[in-house]
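# Commentary on secondary and tertiary structure
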Amino acid sequence: MPYKVVITVSPVPADEEQAWKWLDVLAKTVDTNPPQLFHELIDRLLSRYHCYTELLAQGRQKESVWSDGPLRNNIELLAPVIGIFDDRVGEALPFLIDTANQLELTVFDPQTETIHRP
């Protein structure tokens, strides 16, 4: 099972409990016009790690850190979910969090119940 994190735009409620409740609402809402920040995030993530579908087409999917693709399709929710293969979490998760935070995006990590704020 892949390791999944959820990305949101700021501002996020300061109270941790409220922030997770807020996320639950966003995670179910489709966004047909994602913010440019989400596109920028995907561009930056793909500049370091190729998209799963690109590698799949080349028969190199085992090289991917992302557990699905096209990765850009993941931003079609107000709170996009990004999956990382378990064996690549140590490498890719810090990069994802740092990259998102640089863009003023917040990363929710349900596995550790941690909110990584910019």
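In the block above lies the structure referred to throughout.
Residues numbered from 1 in each chain as written. Predicted model: local features only at pLDDT ≥ 70, side-chain atom pairs only at ≥ 80, totals over all residues. Heavy atoms only, no water.

For the chain, the helix and strand inventory stands at four helices and four strands. Written out in order from the N terminus, the α and β elements of the chain read β-α-α-α-β-α-β-β. In terms of overall dimensions, the chain has a C-alpha envelope of 45 × 30 × 25 Å along the principal axes. When the 118 residues of the chain are sorted by exposure, 41% land in the buried category. Of all intrachain contacts in the chain linking residues separated by at least 6 positions in sequence, the fraction that spans at least 24 positions is 63%. Element-wise, carbon and sulfur atoms account for 53% of the exposed surface of the chain, whose accessible area totals about 6,400 Å². Of the side chains in the chain, 10 bear a positive and 18 a negative charge, and the two mean positions are spaced by 4 Å. (Helix = DSSP H or I, 4+ residues; strand = E, 2+ residues; numbered from the N terminus. Buried < 20%, exposed > 50% of the residue type's maximum accessible area, 1.4 Å probe, protein only. Contact = heavy atoms within 4.5 Å. Areas by Shrake-Rupley, 256 points an atom, 1.4 Å probe, with all protein chains shown as cover. Lys, Arg positive; Asp, Glu negative; His and termini not counted. Charge placed at Lys NZ, Arg CZ, Asp CG, Glu CD.)

So, on to the sheet that holds strand 2 (residues 81-84). Strands sit in the order 2-1-3-4 across an open sheet of four strands; the sheet is antiparallel. In the strand order of this sheet, the two ends are held by strand 2 and strand 4 (114-116), each with one partner. On average, each strand axis in the sheet is inclined to that of its neighbour by 25 degrees, with strand direction left out of account. Across four bridges, strand 1 (residues 3-9) lies against strand 3 (residues 105-109) in antiparallel orientation. Its bridge partner being in strand 3, Thr-8 is matched across the sheet by Thr-106. The strands touched by helix 2 (residues 36-48) are strand 1, strand 2 and strand 3; relative to strand 1, the strand with the most contacts, the crossing angle is about 140 degrees. (Pairing = 2+ DSSP bridges. Axes fitted to C-alpha atoms, helices over the stretch in contact; angles between N-to-C directions.)

Bringing the nonpolar core into the picture now. Counting 25 residues, the largest nonpolar core has Val-5, Ile-7, Leu-45, Trp-66, Ile-82 and Leu-96 as its most contacted members. Of all the elements in the fold, those that place two or more residues in this core are strand 1, helix 2, strand 2, helix 4 (89-102) and strand 3. The leading source of residues in this core is helix 4, at seven residues. Core analysis: the second largest hydrophobic core is formed by eight residues, Val-12, Ala-19, Phe-108 and Ile-115 among them. (Core = buried A, V, L, I, M, F, W, Y, C linked by side-chain atoms within 4.5 Å.)

By secondary structure assignment, the location of Glu-91 is in helix 4. Accessibility expressed as a relative area gives 38% for Glu-91, which makes it partly exposed. Separated by 28 residues in sequence, Glu-91 and Glu-63 place their C-alpha atoms 13 Å apart.

Now for the packing of helix 2 against helix 4. Interaxial distance between helix 2 and helix 4 falls to 10 Å at its minimum, and their mutual angle equals 145 degrees. Crossing geometry of helix 2 relative to helix 4 is assigned as right-handed. Residues Leu-41, Arg-44, Leu-45 and Arg-48 of helix 2 pack against Phe-95, Leu-96, Thr-99, Ala-100 and Gln-102 of helix 4. In terms of residue class, the contact of helix 2 with helix 4 is made up of five nonpolar, two polar and two charged. (Left-handed = near helix turned anticlockwise from the far one by under 90°. Nonpolar A, V, L, I, M, F, W, Y, C, P; charged D, E, K, R; others polar.)

Once that is clear, we can look at the packing of aromatic side chains. One pass over the structure, following the stated rule, counts four aromatic pairs. Pairing Tyr-49 with Phe-95 gives two aromatic rings, centres 5.8 Å apart and planes at 75 degrees, and the pair type is edge-to-face. Taken together, the residues Tyr-49 in the loop between helix 2 and helix 3 (52-57) and Phe-95 in helix 4 connect sequence positions 46 residues apart. On the basis of relative accessibility, which here comes to 10%, the residue Tyr-49 falls in the buried class. (Phe/Tyr/Trp six-rings, centres within 6.5 Å; stacked < 30°, edge-to-face > 60°.)

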